[in-house]
Amino acid sequence: MLDDFIARCRAATTTETALTDIRAALGELVADRAALADQLELHGADVDQVFHEDDRLTIMLCETSPGTDQPPHDHQLHTMIGIVDGAEVHRFFHRTDTDLAPTKGRTIGPGEVLSMTPDAVHAIAALGPEQCRAIHVYLGSISTVERSLFHPETFTEEPLSIERYTEFIRPTSTSA
Ligand SMILES: [Fe+2]
């Protein structure tokens, strides 16, 4: 099932309908959560497990524990997120001339898929009480693309690194 999904996404990346095809495939994947959960090795901790990464495509499982708010960041790639378990709170922002301005957020739950454009800026938190497990798909190599990270209070922009991302995580202020 997971292997089929990865193969389907890889094939789609070379077509003009990559975005719609991958979104459909991700929707089908997370729609059958029970079957999918059987195939996933879960850690019960904040772990990103990469299933596939090349220049065109990254597919990973992100496990996120409730209790913290992650910092705003972009991806510079088309991004799709499908929720397997739990729920993910997304705060969205738009860039102004000088910094970021918060816009309407969204919470997605099991079986739902969220798409973001490459310039989208978001910050996530697991809604809780359970851990959030989500399949993240990026239309490119997420570990090598140059991305932006924003300070959680001042919104000052800087190049994203895992170290600074971790430093900017705060106790949660997010609610449903
Ligand atoms: Fe993100």
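Keep in mind it's a predicted model, so treat the numbers as computed, not measured. (Residues numbered from 1 in each chain as written. Predicted model: local features only at pLDDT ≥ 70, side-chain atom pairs only at ≥ 80, totals over all residues. Heavy atoms only, no water.)

Trainee: I tried to follow the sheet that holds strand E1 (residues 48-53) on my own but got confused; where do I start?
Mentor: Strand pairing in a sheet takes place through backbone hydrogen bonds and is either antiparallel or parallel in direction. Strand order in the open sheet formed by 5 strands is E1-E2-E9-E4-E7, with antiparallel pairing between adjacent strands. Sheet topology places E1 and strand E7 (113-116) at the edges, where each strand pairs with a single neighbour. Put simply, the sheet's adjacent strands are angled 20° from each other on average, direction ignored. Taken together, the 5 bridges between E1 and strand E2 (residues 58-64) define a ladder with antiparallel strand orientation. Note that in E2 the partner of Asp-48 across the bridge is Cys-62. On the sheet, helix H1 (residues 2-12) packs against E1, E2 and strand E9 (132-138) and is oriented at approximately 50° with respect to E1. Sheet strands in contact with helix H2 (residues 18-31) are strand E4 (79-85), E7 and E9, and its direction is about 5° off that of E4. (Pairing = 2+ DSSP bridges. Helix = DSSP H or I, 4+ residues; strand = E, 2+ residues; numbered from the N terminus. Axes fitted to C-alpha atoms, helices over the stretch in contact; angles between N-to-C directions. Contact = heavy atoms within 4.5 Å.)

Trainee: Looking at this structure, how should I read the coordination of the iron ion?
Mentor: Angles at a metal have ideal values that depend on geometry: 109.5 degrees with four tetrahedral donors, 90 or 180 degrees with six octahedral donors. Coordination of the iron ion by the protein involves His-73 (NE2), His-75 (NE2) and His-122 (NE2), with metal-donor separations of 2.0 to 2.1 Å. All donors of the iron ion belong to a single chain; written as a sequence motif, their spacing is H-x1-H-x46-H. With His-73 in the loop between strand E3 (68-69) and E4 and His-122 in strand E8 (residues 121-126), this pair connects stretches of sequence that are 49 residues apart. Judged by relative accessible area, His-122 falls into the buried class, the value being 2%. (Donors = N, O, S within 2.8 Å, 3.2 Å for Na, K, Ca; no water. Buried < 20%, exposed > 50% of the residue type's maximum accessible area, 1.4 Å probe, protein only.)

Trainee: Any chance you could explain the pattern of salt bridges here in plain terms?
Mentor: Close approach of charged atoms allows side chains of opposite charge to pair. By the definition in use, this model includes 9 salt bridges. The salt bridge partner of Arg-170 is Glu-153, with a shortest N-O separation of 2.9 Å. Linking Arg-170 in strand E12 (residues 170-171) with Glu-153 in the loop between strand E10 (148-150) and strand E11 (157-159), this pair joins segments that are 17 residues apart in sequence. Owing to a relative accessible area of 26%, Arg-170 belongs among the partly exposed residues under this scheme. What you see here is one network of salt bridges that share partners, running through Arg-33, Glu-63, Asp-85 and Arg-133. (Salt bridge = Lys/Arg side-chain N within 4 Å of Asp/Glu carboxyl O.)

Trainee: What is the right way to read the nonpolar core from this model?
Mentor: Generally speaking, nonpolar side chains in soluble globular proteins are found buried as a group. Judged by nonpolar contacts, the single largest core of 22 residues is most densely connected at Phe-5, Ile-22, Leu-26, Leu-36, Ile-59, Ile-135 and Val-137. By residue number, the principal contributor to this core is H2, which donates 6 residues. For Phe-5, the contacting residues outside a window of four places in its chain are Ala-25, Leu-26, Leu-29, Ile-59, Ile-135 and Val-137. Within the second largest apolar cluster, 10 residues are counted, among which are Ile-81, Ile-83, Phe-92 and Ala-126. (Core = buried A, V, L, I, M, F, W, Y, C linked by side-chain atoms within 4.5 Å.)

Trainee: Honestly, the packing of aromatic side chains in this entry has me stumped. Any pointers?
Mentor: Pairs of aromatic rings are described using the distance from one ring centre to the other and the angle between the two planes. Under the counting rule described, the total for this entry stands at 1 aromatic pair. Taking 5.5 Å as the distance between ring centres and 70° as the angle between the ring planes, the aromatic pair formed by Phe-93 and Phe-155 counts as edge-to-face. Of this pair, Phe-93 sits in strand E5 (residues 88-95) while Phe-155 is found in the loop between E10 and E11, placing the two residues 62 residues apart along the sequence. Overall, Phe-93 belongs to the buried group, its relative accessible area being 8%. (Phe/Tyr/Trp six-rings, centres within 6.5 Å; stacked < 30°, edge-to-face > 60°.)

Trainee: In this structure, what is going on with the environment of Glu-167? I would like to understand it.
Mentor: Position of Glu-167 relative to the elements: it lies in helix H4 (residues 162-167). Classification of Glu-167 as partly exposed rests on a relative accessible area of 47%. Along the primary structure Glu-167 and Asp-54 are separated by 113 residues, whereas in three dimensions their C-alpha atoms are 28 Å apart.

Trainee: Before we go on, may I ask you to explain H2 in this structure?
Mentor: Side chains that are three or four residues apart share a direction in an α-helix, a result of its 3.6 residues per turn. Over its 14 residues, H2 runs 20 Å from end to end, which matches the ideal 20 Å to within 8%, given 1.5 Å per residue. Buried within H2 we find Ala-18, Ile-22, Ala-25, Leu-26, Leu-29 and Val-30. The arc that holds every buried residue of H2, seen down its axis, measures 125°, which confines them to one face. Looking at H2, the residues exposed on the side facing more than 90 degrees away from the buried face are Thr-20 and Ala-31. On the buried face of H2, the contacting elements are H1, helix H3 (33-39), E4, E7 and E9. (Expected span 1.5 Å × (residues − 1). Arc of directions from axis to C-beta.)

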